[in-house]
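The chain contents come next:
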Amino acid sequence: MGLKILTDSRVKRPLICTDSPRFPHPMHSNPKDLTSRYSPRGIQDKTDDISEHIRTYFPETWLWNLVPISPSGLGVLRATVPDSITEWKGQSFCLSDSGFGLSGIESFIAFKPLFVRPSLPPSVVRGERFSLPVTVFNYLPACLQVTVEVDVSNLFKVVPCTSCLYQACVCPDRDSTFQWDLTAIALGRRNITITAQARISGDSRCKEGSSSEAEIKDVIVSSIFIQAEGTPVDQVQNYYNCVTDDEPDSGNFSLAFPGDYIPGSETAYLSLTGDVIGRALDNLDHLLTLPTGCGEQNMVRLGPNVHILNYLNATGQDTPEIRERARNYLQEGYQNQLRYRHRDGSYSAFGARDEIGSLWLTAFVLWIFGQARPHIYIDPKETQQSASWLERYQDPRGCFENVGRVINTNMVGGVDGEVPLTAYVTASLLHLGLEKSAGAIRRGLNCLRGGYQAVTDPYTIALLAYTFTLAQEHEIRRELGDRLHQLAIRQDGLIHWERPGGDRRRLSLTVEMTSYALLYLLSGSEVSEDERGTATGVVKWLVTQCNPYGGFQSTQDTVVALQALARFAEVNYSLGGGEGSRSLTVWTEGFSESLEVTVESRVLRQEVRLPRAPATYYWTLRGRGCVYLQVTLRFNIPSRIEGNSFSLRVDAACRAGKRFDIEIGISYLGPMNGSGMAVVDIEMVSGFLPTESSREQLDLTVKKQQFTDGHLILYLESIRSKAEKLTVTVEQQMVVRNLEQALLKVYEYYCPENEASTEYHSPCAED
């Protein structure tokens, strides 16, 4: 088999390939280097039909397509080349009854005779002034008289460079740079349109071309994200309401800002789905506002996708598009999770950087892997090895020993650790369903039978009730269920469980234990009317705790809660034959909007922008069925230096070459010996990035680091009362003036209320 690429001379015409092309990451070469390999001589008479093309399409990869091959052995794929000037390399493979074939590698270079390349920082803060350098390349054999213009409408203030010219002579294989200073005045992602126009000069002295000569043009649209000053805040109100044709429902909600919010930063919107998991389905790749960079947190990329796919399969709503998207996230999460696997089959939060695997995390992984097997390939040898590793730590009574560090100790119940840990591992093995684990399951249940009666903690009771439900031990399940009902907290039709004393700071744990109770109610061989009624009250409470993306506080509570909510939606679907269309009308003075949910569109999220705040909005729900309503108000407030759980000190010292050091001192002030896993979130000053050598040094002291969206995220296993010192060196990459201060924050991952924050600024003098 072979791959053939056919292009026209400008490589902006349809691309024709035989077999199925697969293009890896392009080699983003310097445009100057490309001219030495491909010189487009004689092209000046062929450029008029591409002069108006606006370049906006810049993918990192291109053409991952399956192409059916005809009996003649020929397949044709036509595509338009992306707008990058770069070399593309492609390769195809073919599967047939005869076997597997792999082609050689073919390549081509995409270019434009006149090419514009702007340099923008990824984001700036409103009011900051930044430079916009624009480089123009000439790949023609003649000199060009080039004029460059920038169109920013009224979104930026433009200050021309006093020493710069915006018309220049650019000769063959040369470039020229033009520069503007911009000040951002509008928030959000904003476009900047850059246009370069030229006429071909008649001689080497670059006289301006006559009007009869062909005009050459390149237009590119680049974007930059303008952030508001201060710290973003989300205020979320969630409602789960059900109606019948005879009994419509109505209510109201209010939107209000604190007195110190930053004007212009506010947005408000209402979203509606006919399903409790619709919001999560819409955000399969972004369920948490917290980073997900360790072996525990990565599971949020696996668990929710598994549970949602199971529900969609059971209800016949798994469209090819949804199925492919969820399976891609599953596959990505599975591959990422293997990075945290030890050679003995165990898993830990930071993989090989931990001395030993974690019993709890290994069980957590197997819990999800067991349910993911119908959707993606999970290596059975690896899961069996992991299950065998768990069994090594089961004592003669059948109880499991806590091995390895669990970064979130609340995940295993926090009290009387042996019983909840054994319940969790046994439930995990039941989910996994390996025949070779039958003995370990039997011994685990023996351990629990001997210890469940002495348990008083509602978290452990809920987990035990679910475990014995999975094991189909009905008598013990009923006894534990009676105790759960006695411990339930009921208010205004909402039901949940929490630990005595109402430690609401541990909201993640409260969500988790309530979710286990919901799973107990819905996982029996039959779900009674009483259990279904109680479950509805539990769901109404759970959805009040959702974040704007359909997730919850952190990893474990999101995974368990979405499993429980998906199970509730599945049971409701199987028992709710009377569900029909329902409509919601929301209004306030000068505004009214109606949304309708049908049986076919119940997982579709509908969203409407709310035009005014502060304001009170009213709503009416009619029809037959249930809806999940979420109201989100977003705004910024001035960054506050606060926190009583950590002592946080930041100093910044300027170094040569537009570099400065961020010197951080952190110590724990809480009542324990130390914090749980802590995260240090360092927002970069606009235009600055951490140096590679600095990040290499950090690897010696932190468990893991990530750099994303202008934030350097550092993971520490724990912070003690003795001060922890960290140093980050940053270097200016883009010139930005009138710099705003940046926020530095430290918090406990599984209890983000335990935090401290402060601001820092660049100590280096601005140009």
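Residues numbered from 1 in each chain as written. Predicted model: local features only at pLDDT ≥ 70, side-chain atom pairs only at ≥ 80, totals over all residues. Heavy atoms only, no water.

A. Broad picture of the pairing of strand β16 (residues 188–200). Across 8 bridges, strand β12 (residues 144–151) lies against β16 in antiparallel orientation. Across the sheet, residue V148 finds its bridge partner in β16, namely A196. Note: β16 against strand β17 (residues 215–227), 12 bridges, orientation antiparallel. Considered in β17, the bridge of N191 is made with S223. (Pairing = 2+ DSSP bridges. Helix = DSSP H or I, 4+ residues; strand = E, 2+ residues; numbered from the N terminus.)

B. Representation of helix α5 (residues 359–372) within the structure. With 14 residues, α5 extends 20 Å from end C-alpha to end C-alpha; this agrees with the ideal 20 Å at 1.5 Å per step. For α5, the tally of buried residues reaches 14 of 14 residues, placing the bulk of the element in the interior. Between the side-chain oxygen at the start of α5 and the backbone nitrogen of W360 there is a gap of 3.4 Å, and the oxygen is on S358. (Expected span 1.5 Å × (residues − 1). Buried < 20%, exposed > 50% of the residue type's maximum accessible area, 1.4 Å probe, protein only. Polar contact = N/O pair within 3.5 Å; in protein donor to acceptor, adjacent residues only side chain to side chain.)

C. Seen up close, the pattern of salt bridges. Per the counting criterion, the structure on display carries 17 salt bridges. In this structure, the salt-bridge partner of E607 is R279, at a minimum N-O distance of 3.9 Å. Here E607 is found in strand β25 (residues 606–609), whereas its partner R279 is found in helix α2 (residues 278–281), with 328 residues between them in sequence. Look at E607 and you get partly exposed, because its relative accessible area is 43%. Owing to a relative accessible area of 5%, R279 belongs among the buried residues under this scheme. Across the pair K703 and D354 runs a salt bridge whose closest N-O atoms are separated by 3.0 Å. In this pair, K703 is assigned in the loop between α14 (692–698) and β32 (704–708) and D354 in the loop between α4 (320–337) and α5, connecting sequence segments 349 residues apart. Owing to a relative accessible area of 12%, D354 belongs among the buried residues under this scheme. (Salt bridge = Lys/Arg side-chain N within 4 Å of Asp/Glu carboxyl O.)

That is the geometry; function is a separate question.
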